[in-house]
Amino acid sequence: MTDGWEEDLLPIGASEWTPGRARHLLDRAGFGGTPKEVARLAAMSPEAAVGWFIDFGAIDNSHLPPFDPSGIYDPSLTPFPATRPAATRLAAETGAAMGVAAKPSGPRRLQPVADRFFFWIRASMLETRRVANWWADRMVATNRPLQEKLALFWHGHFASSEEKVRDYRKMLGQVLLFQQYAAGNFGALLSAVTRDPAMLIFLDAGQNVKGRPNENFGRELMELFTMGVGHYSEQDIREAARAFTGWRDKDLSFHIDAAQHDGGEKTVLGHTGPLDGQDVLDIILAQPATAGFIAGKLYRFLVRDDLSSQFQDRLGDLLRSNNYEIAPFLRTVFLSRDFYSPASIGAHIKGPVELIVSTYRRLGLTATPGMPDFNSSSTDLGQALLNPPTVAGWSQGRAWITPGSLLQRGNFARAVLLPDVIAFTDPNLDPYPPQLRTFSAHIRAGEDITKASNLVDGSEAKQTEGAGMATANLLSEHEEFNTHYASLKGWEEAVRRVKPTPRGAAQFSLTNLVLEGGARSSTEAVDCLIACFLSTPLDSAARDAAVAFLEGELGTADLDRAKTYLEEPLRLTAHVIMSTPEYQLA
Amino acid sequence: MLKGLRLGEIGRRDVLRAGLIGLGGGIAGFGVGPVHEASASAPAGVGSRILVVVELSGANDGLNTIVPYTNDAYYRARPKLGVRPEKLRRLDDEFGVQSGMAGFERLFKDGQLAIVHGVGYDNPSFSHFTSMAYWQTGAPNSGDPYGWLGRLADTLDPSGGDNYIVDVEARQSLAVRARVHVPLTFFQPDRFKRDATYEEESALDRLAAPRTARNSAEAFLYDVAASAQRAEVHVREACAAYRTPIDYGLVRFGLERVAALIAAGFPTRIYYVSYPHNAFDTHVNQADTHARLLTYTSDHIAAFLGDMARIGRGPDVAVMVFSEFGRRVAENANLGTDHGTAGPSFIAGQAVRGGHYGAMPDLTALDDGNMRFTTEFRRVYATMAATWMGCQDPAPVLKGEFEPLPVFQA
C-alpha cells in the first residue's frame, strides 16, 4: 500500500491515518509523547492533526512563565572589554573599568577590576545555563511542540555561542527570536537574525568596517545560512561583506554606523549598485539555491537524512512558491505520503536535546527535572544548548553517535529512571575552572596569594624537577593583579548572585502506565513499555530478553501478584529498553 | 598479521597488566612483544608502526607558526602581527618559531621534526567546513563518504579487525570514517562506561547484540553498539591505569589518552586527535590567542613523543599535524587574519629525518593576496600511508598517484 510513497508529496488519505502514523507525526513535528497523546491525534483527521502542530498560534500556552532573571547585569558592564588584558589595560590607563576603580595605591592595584571581569564572564555562563534550562522546560511543557522544535532547528542553523558572545541577555534574545519566527517567514527571520546582537558579535560584525571589510559575516551568511557552498564566488563574499559594513550591535539593539558603512557600488551575485545589507539579503533570497538549501536542511532535520538532489529541488520550489513561509511548506511535508513512507519511519537518529526532551514527554512530565541536570546531560551527549561547537552548529544524524555517546545515552536514561541521589551534586556549584577548588582551599587555609597560585600551577614542584615542564607554565605572572584570585573572586560572586536551580527528581509512575495500559503479565508489561518508549519495535529475541529480565526481577509473570512492588522492576526494565539502539531512533 | 593482538581477543586482565607495567615506565617493548613477533614477515617492522594524526581546526596561521624572519615581505604584510626576530626561537638562519614553542624547537634541533612548507591544493576553498572535508576525505570536490584514514585502514586490514582506528574526539571525524572498520571514538575515558547494576548486565548485553536492521540508520547503530560493548572496559582501564611523569601541557587535547592506549598494548595503528572547536580561527586580536594555541600544541606534541621514547615506542610512532588551510598573508584591520590558502604541515618522531620539505611560497608572488601552494597535501598523506605505514598500493586510498616526501628512510 505504501509502495512508491517515497518522494510523493500528495497527501495521505483519511483512511490511511493510523495510530502508528499519528505517533510518527508526534515524534517528528514535536518531541514524542504519551500513549494518550498519540490516541488523541489518532482520533483526528490527518489534516486536523497536522494543523494542531502547525497552527500553534491559536493554542493557549500561558502556563509557561517567561525567563526569570537573577539580576546580575547592570549598565556599567556595557561595553564589556574584549579580553581580560583589555580590561586591566583600560583600568591602568583610565583608573577604572566596568564600573570598578583601580586601587589608588598598594599591591595588586588592578585586582578589583580583574575580579569584576571574571564575575561577569562566570555569571553570564551560569545564567546562560538557566536560560537553557528554561528553554528545555518549555520544550517539555509546551502546548506548541513544533514551535520549540523549530526554534531548536534555527538555533543550530543560525548558531551563536555564549562562550564568544559572553552575555546571557543576548543569547536569551536570540532564543526568543527563534521562537517568534519559528514557523514564520524565512526571509523575515533572516533579516532579524542578521540584525541580532548575539549574531553580530558572534560573527565579528563590529570589525567589519569601510575600507577593511571582514569577510566572516558575508561568508557564513552565504555558506551556512542561505545558499550553501558552490553557489557564489569569493568575490561575492567580499562584496557582500562591504554591504554589511557598519552593521553593529548597540547593547541589545541594532544600529548602522553610517561613518563605517561603505556606500559605494558593489556587485553581488550579478546585481550591481550601492547595495546595503538588506539589498544583499533580498538578492540571496531570490536565488533558487537558497530555497533548496533551507528546504533540504529542514527536511533532513524533520524527516530523513537521505534526500535526492531532484527531490531537494522540488522541496525548494515548494518553499519558494510559498514565499519562504515555513508553515504551509511544512503542512505539505507532514501530510505527504513521503513523510509516512517506510523510508521515513524510524529512520531519524534523535539529537541529544531531542532525546532528553522526548524522554520527559514520553514519561508525561510537565517540567524538566533538576536531577539529572539538563545541561550536564545534554553536554555529555554532545549538545550544549547556547554553546554550539562552531558557527556551523551541530552535525545531525549519525554524527551524534559514537560508542562513547551511545553508552552515555543509556546512562542518561538510568539517571532519569533511577537517579543516584547520593552521588548527585549540583553541577552549578562545581567551580569553573576546576583548579579553583584547590586554590580556594589554599587561600582559606591562610596561604598568601602568590604561594597559593604557584601551588596550583605546580610551578614550584616542577621547576625543581627541571625536565618535562610545559612552556605554558613558565609564562610570567602579572604583578598588578593575580589571575587565579580574580577567577576565584569572580566565581564566588557569580555563584552567590545567580539564582539556584531546583534539584528535584522526575515524578512519574511506570506502574500506573503499565496498569492503565491494561497489562496483566510480564510480557504485556514489556509490550506496554516498548509501545510507550520505542518508535520501532524490538525483534522477538530482544523483546523476550526484556521479558525474562522483568520476570526475574518480579519473581513472577503475573503482575497482579507483584502489584505492590512493581515500580522498581519496571524502571530497571525501562532502563534496559532505553539503552537499546532502537531508542535512539524516531 | 596482527590477529594475535586484537584487543577483542585479549582478556581484560592482560590489558590491565600492560597498563600496570606502564607504571614502572622505561621498560622497552613491554606489552608489544607480540606485535614485533607477529609482524616479523613485514618489511622492517612496518606492521608495528603507529600513525597519529593531529588536526588543528580553524585554519592555523602558518606564517606566524614557522616565521620567515629574514623575509621583508612578511613584515611588510604584517606590520603589527609580524613576530619580530628578537622574539623568536630561531630554528636556523631563515625560520623561527614563537617563544612558547620550545617543544617544537627541541624536536627540530634533535632532527625529529619535518616541516613541510606550502601545503595546499588546487582551487582552494576558503570555507572551514569544505576545506576540512577535502583534507579529511583526501578527495577534494568528490563528496566521498569515507575518510582517507578510513580507506587506509580498510586497505591495510581488509578484515576490519577491532580497534584498528581510534578517534579521541567527542564526535567521530570524517577522516576516520571507513567502509569496513568501525573506529573506536571516545573523548573522556572515565565516561566511556555503561552504568548498570549487576542484575542488569546480562539483559543489557543481550539487548545490545546486533539484530536484523530495518534501515541504514539502525544498521549503523547496531555496529556502534557492538563496538562500544567490545571496547568499553579496555579503554577505561587503560586510561585509568596509565601514569607518566611527562607534563602534557595546559591543554591536553588527547595525546595523553593515545599514550595510555599505546602503553596498554592496543592493536590500534591509526590514532586521530583534534584541537577542536575551530580554535585556530583567529580573525580578531590574534597575537596572544595564537601564541597560546601554539604553545599548548607544541607542549602537547613534544610531551607525547617524549613519552613514547620513555616507554620504548619512540621508533614506532610518527605524528602528522595539519590544518585545513592557512590565513591570508596580510593582517586585517582587527589585528587578526582572514582565511587563506597554503600552510605548513608537520611530521614528527624519532624515525623522521628532520628538516625542511617542500618550498616556502613566494610572498611577493601572491594570488589575490594568498600564497600559492607548493606541496599538494596528498604528498604528505602518501608519505604517511606508503612510506610510514607500508601501504603497498596507496593510489585507491588517495584517489590518485602522489609522490611521497623523503621524510622517512624508505
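What counts and how
Residue numbers run consecutively from 1 along every chain, following the written order of its sequence. A letter from A marks each chain and a number from 1 marks each ligand, given out in the order of writing. Restriction of local features to residues with pLDDT of at least 70 applies here, the model being predicted, together with a cutoff of 80 or more for giving and counting side-chain atom pairs; totals for whole chains, interfaces and linings are based on all residues. Simply put, an axis is a line fit to the C-alpha atoms, just over the touching stretch for a helix, and the angle between two N-to-C directions goes from 0 to 180 degrees. Helix numbering and strand numbering both begin at the N terminus, where a helix is a DSSP run of H or I of at least 4 residues and a strand a DSSP run of E of at least 2. Should an angle fall under 35 degrees it is taken as roughly parallel, and over 145 as roughly antiparallel, whereas 65 to 115 is taken as roughly perpendicular and any remaining angle as oblique. For the purpose of contact definition, each residue receives a C-beta atom placed from its backbone, and two residues are in contact when these atoms lie within 7 Å. Three categories are distinguished: nonpolar for Ala, Val, Leu, Ile, Met, Phe, Trp, Tyr, Cys and Pro, charged for Asp, Glu, Lys and Arg, and polar for the others, with Gly belonging to the last. In this scheme, a helix's expected span is set at 1.5 Å multiplied by one less than its residue total. Neighbour counting defines burial: a residue surrounded by 20 or more other C-beta atoms within 10 Å of its own C-beta is buried, one with 12 or fewer is exposed, and intermediate counts give partly exposed, using backbone-placed C-beta atoms. For each domain, the first and last residues come from an automatic or database assignment. In these notes, a nonpolar core means any group of buried Ala, Val, Leu, Ile, Met, Phe, Trp, Tyr and Cys residues linked to one another through C-beta atoms within 7 Å.

Novice: Looking at this structure, how should I read the packing of helix H4 (residues 102-109) of chain B against helix H10 (residues 286-310) of chain B?
Specialist: The description of two packed helices rests on the angle between their axes and on the distance between the axes. All names here are of chain B. At their nearest, the axes of H4 and H10 sit 7 Å apart, and the two run at 45° to each other. It follows from the interaxial angle that H4 and H10 lie oblique. Mapping the contact onto sequence places Gly103, Phe104, Arg106 and Leu107 in H4 and Ser298, Asp299, Ile301, Ala302 and Leu305 in H10. Counted by class, the contact of H4 with H10 contains five nonpolar, two polar and two charged residues.

Novice: Can you help me understand helix H8 (residues 168-180) of chain A in this one?
Specialist: Along an α-helix, residues three or four apart share an orientation, since each turn contains 3.6 residues. Residue and element names in this part refer to chain A. The end-to-end C-alpha separation of H8 is 18 Å, in line with the 18 Å expected for 13 residues at 1.5 Å each. Three or more residues of H8 are buried, namely Tyr168, Arg169, Lys170, Met171, Leu172, Gln174, Val175, Leu177 and Phe178. For H8, the elements touching its buried residues are helix H5 (111-141), helix H6 (145-157), helix H7 (162-165), helix H9 (186-193) and helix H10 (197-202).

Novice: What am I meant to see in the interface of chain A and chain B here?
Specialist: Frequently, the measure chosen for interface size is the accessible area that the parts lose on association. Taken together, the contact pairs 56 residues of chain A with 59 residues of chain B. Elements with a minimum of two residues in the side of chain A that touches chain B: helix H11 (215-226), helix H19 (403-417), helix H26 (540-554) and helix H27 (567-578) of chain A. Tallying contributions element by element places H19(A) first for the side of chain A that touches chain B, with eight residues. Tallied by class, the residues present in the side of chain A that touches chain B amount to 25 nonpolar, 20 polar and eleven charged.

Novice: Quick question: what am I supposed to make of the environment of A:Arg314 here?
Specialist: Residues and elements named next belong to chain A. Structurally, arginine 314 can be placed in helix H15 (residues 309-321). Taking the C-beta count within 10 Å as the criterion, arginine 314 has 15 such neighbours and is therefore assigned partly exposed. Spatially, the C-alpha atoms of arginine 314 and leucine 9 are 9.5 Å apart, while their sequence positions differ by 305 residues.

Novice: Help me understand the domain arrangement of chain A, please; the structure alone is not making it clear to me.
Specialist: For chain A, the assigned domains are domain 1 (203-285) and domain 2 (510-584). Computed from C-alpha coordinates alone, the two centres of domain 1 of chain A and domain 2 of chain A are separated by 57 Å.

Novice: Looking at this structure, I do not really get helix H6 (residues 148-156) of chain B. What am I missing?
Specialist: All names here are of chain B. Among the nine residues in H6, eight count as buried, and that is most of the element. Of all the residues in H6, the buried ones are Trp148, Leu149, Gly150, Arg151, Leu152, Ala153, Asp154 and Leu156. Looking at the buried residues of H6, the elements they touch are strand E1 (50-56), helix H5 (128-137), strand E6 (165-168), strand E8 (270-275), helix H11 (377-388) and helix H12 (395-398).

Novice: Is there a simple way to explain the nonpolar core in this structure?
Specialist: A:Ala546 and B:Met320 are the most contacted members of the largest nonpolar core, which totals 263 residues. Looking at this core, you find at least three residues from each of domain 1 (203-285) and domain 2 (510-584) of chain A. Those residues within four positions of B:Met320 in sequence are excluded, and the remaining contacts are B:Leu51, B:Val53, B:Val54, B:Ser345, B:Ile347, B:Val380 and B:Met384. Residues A:Ala87, A:Met98, A:Phe117 and A:Ala486 belong to the second largest nonpolar core, which totals 27 residues.

Novice: Before we go on, may I ask you to explain the environment of B:Val180 in this structure?
Specialist: Residue and element names in this part refer to chain B. Assignment of secondary structure puts valine 180 in the loop between E6 and strand E7 (184-186). Remark: the alpha-carbon pair of valine 180 and threonine 155, spanning 25 residues in sequence, is separated by 9.4 Å. Apart from the residues within four sequence positions on either side, valine 180 is in contact with Asp154, Pro158 and Gly160.

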